[in-house]
Amino acid sequence: MPQLSARVLIVDDEPANVLLLEEFLADTATEVSGLTDSRQVEHVFRDFEPDIVLLDLHMPGIDGQEVLRRLSSARESLGFLPVIVLTSDTSRTARNSALLLGANDFLIKPLDRTEVVLRVRNLLRMRELFVELAAANHALEHSLENP
């Protein structure tokens, strides 16, 4: 599969998980950045401008649910910016609360390389289509304003 021109942000308090995901996605996206301190996520999100976020649900201090809350307005302003929640918590409550807070997908640890790559690629393709549609809409609006 060809590499996508996309930026992936991984947020997980376990360095081994970040390294594993970076390895999984090395051939999928052009830039992959890992973060183990969730307190830095807003700053890194703003500077890195990811196309997708892979987010651990249970972290010390600021957990994945709080990260979803904090990134909510930034994600809305960008249109469609997918988040995949990663966790070993198989409870329905964890899954539903993450989805309710805006997660687009949910993966259970231990992670399967093929499943991670396929889900990331699918959501990145949706993001790409969203960006293309937004650009086409902008161009159409501009042409209607300036005939």
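Reading guide: rules and limits
- The numbering scheme is per chain: residues are counted from 1 as the chain's sequence reads.
- Local features are withheld for residues below a pLDDT of 70 in this predicted model, meaning they are given only at 70 or higher, and side-chain atom pairs are given and counted only at 80 or more; totals for whole chains, interfaces and linings count all residues.
- Heavy atoms throughout the structure, all of them, feed into the side-chain values; hydrogens and water do not.
- As used here, the term nonpolar core means buried Ala, Val, Leu, Ile, Met, Phe, Trp, Tyr and Cys residues forming a set that is joined through side-chain atoms within 4.5 Å.
- Note on exposure labels: buried denotes an accessible area under 20% of the residue type's maximum, exposed denotes more than 50%, and partly exposed covers the range between, all computed with a 1.4 Å probe on protein chains only.
- In this description a helix means any DSSP run of H or I spanning at least four residues, a strand means any run of E spanning at least two, and both kinds are numbered starting from the N terminus.
- A contact between two residues is defined here by any heavy atoms of the two lying within 4.5 Å.
- Cavities and pockets are found on a 1 Å grid laid over the protein atoms alone: a cavity is a set of points where a 1.4 Å probe fits but cannot escape, a pocket is an open set with protein on both sides within 12 Å along at least five of seven lines, and a lining residue has an atom within 4 Å of such a point.
- Grid points are joined across faces, edges and corners, and a volume is the space filled by probe spheres set on the points.
- As a working rule, the residues Ala, Val, Leu, Ile, Met, Phe, Trp, Tyr, Cys and Pro are called nonpolar, Asp, Glu, Lys and Arg charged, and the rest polar, with Gly in that last group.
- Pairing of N or O atoms within 3.5 Å defines a polar contact, subject to two protein rules: one partner must be a possible hydrogen donor and the other a possible acceptor, and residues neighboring in sequence count only if both atoms are side-chain atoms.
- In this description, the arc belongs to the directions extending from the helix axis to the C-beta atoms.
- Strand pairing is assigned whenever DSSP identifies at least 2 bridges connecting the two strands.
- For crossovers, right-handed means that the path from the first strand over the helix to the second runs clockwise, given strands pointing away from the viewer.
- Working rule for helices: expected span equals 1.5 Å times residues minus one.
- Bending is quantified residue by residue as the angle between axes fitted to the seven-residue window ending at that residue and the seven-residue window starting at it.

Turning our attention to the nonpolar core. Counting 22 residues, the largest nonpolar core has L9, V11, V41, V53, L55, V67 and V85 as the members making the most contacts within it. For this core, the element with the most residues is helix α2 (residues 41-48), which contributes four residues. With near-sequence residues (within four places) excluded, V53 lies in contact with L9, V11, F45, L81, P82, V83 and I84. Among the nonpolar cores identified, the runner-up in size contains 20 residues, and L54, L86, L107 and V120 belong to it.

Our focus in this paragraph is the layout of surface pockets. By volume, the largest pocket amounts to about 190 Å³. For the lining of the largest pocket, the elements supplying multiple residues, two or more each, are β1 (4-11) and α5 (113-145). Looking at the lining of the largest pocket, the element that brings in the most residues is α5, giving seven residues. Within the lining of the largest pocket, the residues separate by chemical class into four nonpolar, one polar and six charged.

Further remarks concern the environment of S91. Note that S91 resides in the loop between β4 (83-87) and α4 (92-100). For S91 and S143, which are 52 residues apart along the polypeptide, the C-alpha to C-alpha distance reads 50 Å. In terms of polar contacts, S91 uses its side chain to reach the backbone amide nitrogen of A94, at 3.1 Å.

Moving on: α2. Every buried residue belonging to α2 is among V41, V44, F45 and F48, and all of these are buried. Relative to the axis of α2, the buried residues are bounded by an arc of 105° and lie together on one face. Structural note: α2 exposes R46 and D47 on the side pointing more than 90 degrees away from its buried face.

As paired strands, β4 and strand β5 (residues 105-108) are joined by four bridges and run parallel to one another. Residue pairing in the sheet places I84 in a bridge with D105 of β5. Each parallel crossover has a hand, and for β4 linked through α4 to β5 it is right-handed.

In this section: the side chain of S38. With respect to the element layout, S38 can be found in the loop between β2 (29-35) and α2. When its relative accessible area of 4% is taken as the criterion, S38 is described as buried. Looking at S38, its side chain comes within polar contact range of the main-chain oxygen of I62, at 2.7 Å. Excluding residues within four positions of it along the chain, S38 makes contact with V11, M59, P60, I62 and V67.

Let us now look at helix α3 (residues 64-77). Between its terminal C-alpha atoms α3 stretches 20 Å, which fits the 20 Å expected from 14 residues at 1.5 Å a residue. Considering bend angle alone, the principal kink of α3 is centred on L71 and spans about 45°. Those residues of α3 hidden inside the fold are in contact with α2, β3 (52-56), β4 and α4. Phi turns positive, to about 90°, at G79, one or two residues after α3.

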